[in-house]
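Spelled out, the chains give:
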Amino acid sequence: MLIDSHCHLEYKGLIEDQAGVLNRAREAGVGAFLNISTKQSEWEQVVATATRELDVFASVGIHPHEADDHENLGRGVLLAATENPRVIGIGETGLDYFYEHSDRVTQAKLFRMHIDVARETGLPVIIHTRDAEEDTLQILSEELAKGAFPALIHCFTASAEFGRKVLDLGLTISLSGIVTFKNAKDLQETAKEVPADRLLVETDSPFLAPVPHRGRPCEPAFVADTARFVAELRGVETEELAEQTTANFKRLFSKAML
């Protein structure tokens, strides 16, 4: 069994045929899905899908692109949203200095707030980071000094040095279809080095369709293509990688009843 540890089932490209999307993924061997939210207005729908589909779970959080619109989101609002039994993760949150759709200070403030809620609840923080390695590491280090919390870097595309440092901090790394791209040689080298017990696979669908599906909306079923590619990179059987990444997901997202 494979698990798509990060998808956006409510987004254009998937929502129009959500039932078909899920069924195609199940037929491809995907046994569970983590449906990710990026802003408060999505939470209800994301949780509703997870309530209706027993193999779908939900996250609640604010993407850094949406930080300015949620500057005054109270900690208690996020904390209360995590009480739903279908919510197993917090995020996605983090820092994005590539697009900078939101003020950096506001991004950091909300990132730290998500971490604080993760520390209290024990739910993993799902971290988005782009062109913000130094500040991401600083925030993670400072917050870990206050007390432990589970976390992962989703859709990892950062430097090998950043990867080693977040692994040293105890985080998990999740690989998307980007690892299959021809120009992703550095990422492919990093993918070989991630410890087996700290690795997840994801689609980030409907974005970033892996080879051989480039140019199409990405679907959770395509996590099987990414898993096969990563298994070949690492010199293991796809079944072994599927078993390991599923075990890693269950351990990290321990609230999920799988």
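Residues numbered from 1 in each chain as written. Predicted model: local features only at pLDDT ≥ 70, side-chain atom pairs only at ≥ 80, totals over all residues. Heavy atoms only, no water.

Quick notes on the sheet that holds strand β7 (residues 172-175)
An order of β1-β2-β3-β4-β5-β6-β7-β8 is seen for the eight strands of this open sheet, with the pairing classed as parallel. Each edge of the sheet is formed by a strand with only one pairing partner; in this case those strands are β1 (2-7) and β8 (199-201). For this sheet the average axis-to-axis angle between neighbouring strands, irrespective of direction, equals 30 degrees. Across three bridges, strand β2 (residues 30-35) lies against strand β3 (residues 56-60) in parallel orientation. Pairing of F33 across the sheet is with V56, part of β3. On the sheet, helix α4 (residues 104-121) packs against β4 (87-96) and β5 (125-130) and is oriented at approximately 155 degrees with respect to β4. (Pairing = 2+ DSSP bridges. Helix = DSSP H or I, 4+ residues; strand = E, 2+ residues; numbered from the N terminus. Axes fitted to C-alpha atoms, helices over the stretch in contact; angles between N-to-C directions. Contact = heavy atoms within 4.5 Å.)

What about helix α9 (residues 238-252)?
Spanning 15 residues, α9 covers 21 Å between terminal C-alpha atoms, matching the ideal 21 Å at 1.5 Å per step. When we look at burial in α9, the residues that qualify are L241, A242, T245, T246, N248, F249 and L252. Within α9, the buried residues cover an arc of 160 degrees as seen down the axis, which keeps them to one side. Facing away from the buried side of α9 by over 90 degrees, the exposed positions are E239 and E243. (Expected span 1.5 Å × (residues − 1). Buried < 20%, exposed > 50% of the residue type's maximum accessible area, 1.4 Å probe, protein only. Arc of directions from axis to C-beta.)

Regarding the packing of aromatic side chains
According to the stated counting rule, one finds four aromatic pairs in the structure shown. Their ring planes at 80 degrees and their centres at 5.9 Å tell us that Y11 and F207 sit as a pair that is edge-to-face. You can see Y11 sitting in the loop between β1 and α1 (18-27) and its partner F207 sitting in the loop between β8 and α8 (223-234), a full 196 residues away along the chain. Take F207: its relative accessible area is 38%, and that puts it in the partly exposed class. Over the ring of F98 we find R130; its NZ or CZ atom is 3.7 Å from the centre of that ring. Here R214 stacks its cationic end above the ring of F181, 3.7 Å away from the centre of that ring. (Phe/Tyr/Trp six-rings, centres within 6.5 Å; stacked < 30°, edge-to-face > 60°. Lys NZ or Arg CZ within 6 Å of the ring centre and 35° of its normal.)

These figures capture arrangement, not role.
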